[in-house]
Amino acid sequence: MDQRERLESYRDRLYGYAISLSQDPDLSRDLVQECALKALSAKKIPQDEPAFRAWLFRILRNAFLDHLRAANKLADFTLEESEDLDPDVWSAEERMVDAVTVRVALAALPTGQRDIIALIDIAGLRYAEAAVLLDIPVGTVMSRVSRARQALLLRISGSNVTPLKSAQGGRRR
């Protein structure tokens, strides 16, 4: 069995896992595709079947976490070490709860605020790019982003999510 056939045999299970992570069918298909591309282009592929399966699911999980990081949905937090608990298990669960909390709060924002956050913070457009896209001045984009972020912070205040500290001058705007 070649690598493509081997990978194909896990496609449905990878998709199911992606759905459980993202709750988004389109994103899940993208994650499975990204996983397949990375697996097929890898230089070192596990030959043992259980190791191969675990490797595929790890690639998919990492692709999902990379997606969350790129979308600014992962909160920065630390866990106290415990002999009884595996920090990786709990941190992944907390990150998922944080992501869902932010997603729900974002969905509750008015459309204009949701759109500007999606363009700047999720899609990663620069203020000038968003201004051209929306046909508004850059200053208007900046004020809308500020108001939308404040509204989002207000919605998640009191939840489990800890807002990230502002990076003074660290943003690429």
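Residues numbered from 1 in each chain as written. Predicted model: local features only at pLDDT ≥ 70, side-chain atom pairs only at ≥ 80, totals over all residues. Heavy atoms only, no water.

Participant: So what's going on with the overall build of the protein? Which residues, and what values?
Facilitator: Within the protein one finds 8 helices and 0 strands. Taken from the N to the C terminus, the helices and strands of the protein come in the order α-α-α-α-α-α-α-α. Burial analysis of the protein (173 residues in total) assigns 32% to the buried set. Once local pairs closer than 6 in sequence are excluded, the contacts in the protein between residues at least 24 apart make up 61%. If you sum the accessible surface of the protein, you get close to 11,200 Å²; carbon and sulfur atoms cover 53% of it. (Helix = DSSP H or I, 4+ residues; strand = E, 2+ residues; numbered from the N terminus. Buried < 20%, exposed > 50% of the residue type's maximum accessible area, 1.4 Å probe, protein only. Contact = heavy atoms within 4.5 Å. Areas by Shrake-Rupley, 256 points an atom, 1.4 Å probe, with all protein chains shown as cover.)

Participant: Lay out the pattern of salt bridges in plain terms, naming residues and giving numbers.
Facilitator: Summed over all chains, the structure comprises 6 salt bridges. Here the residues in one salt-bridge network are E8, R11 and D12, joined through shared partners. (Salt bridge = Lys/Arg side-chain N within 4 Å of Asp/Glu carboxyl O.)

Participant: Account for the nonpolar core, naming residues and giving values.
Facilitator: Counting 21 residues, the largest nonpolar core has L14, L31, W55, L56 and L60 as its most contacted members. Contributing elements (two or more residues each) for this core: helix 2 (11-22), helix 3 (25-41) and helix 4 (49-70). Of all the elements, helix 4 adds the most residues to this core, at 10 residues. Excluding anything up to four places from it in sequence, L31 contacts A18, S22, L60, A63 and F64. Ranked by size, the runner-up nonpolar core spans 16 residues in total, among them L109, A131, I136 and V141. (Core = buried A, V, L, I, M, F, W, Y, C linked by side-chain atoms within 4.5 Å.)

Participant: Talk me through the side chain of S28; I want residue IDs and the actual numbers.
Facilitator: Its location among the elements puts S28 in helix 3. From its side chain, S28 meets the backbone oxygen of D24 in a polar contact 2.8 Å long. Beyond its immediate stretch of four places on either side in the chain, S28 contacts Y15, A18, I19 and S22. (Polar contact = N/O pair within 3.5 Å; in protein donor to acceptor, adjacent residues only side chain to side chain.)

Participant: Quick rundown of the environment of P110? Include the residues and the values.
Facilitator: Within the secondary structure, P110 sits in the loop between helix 5 (87-108) and helix 6 (111-122). For the pair P110 and A148, spaced 38 residues apart in sequence, the C-alpha separation works out to 8.9 Å.

Nothing here speaks to function; it is geometry throughout.
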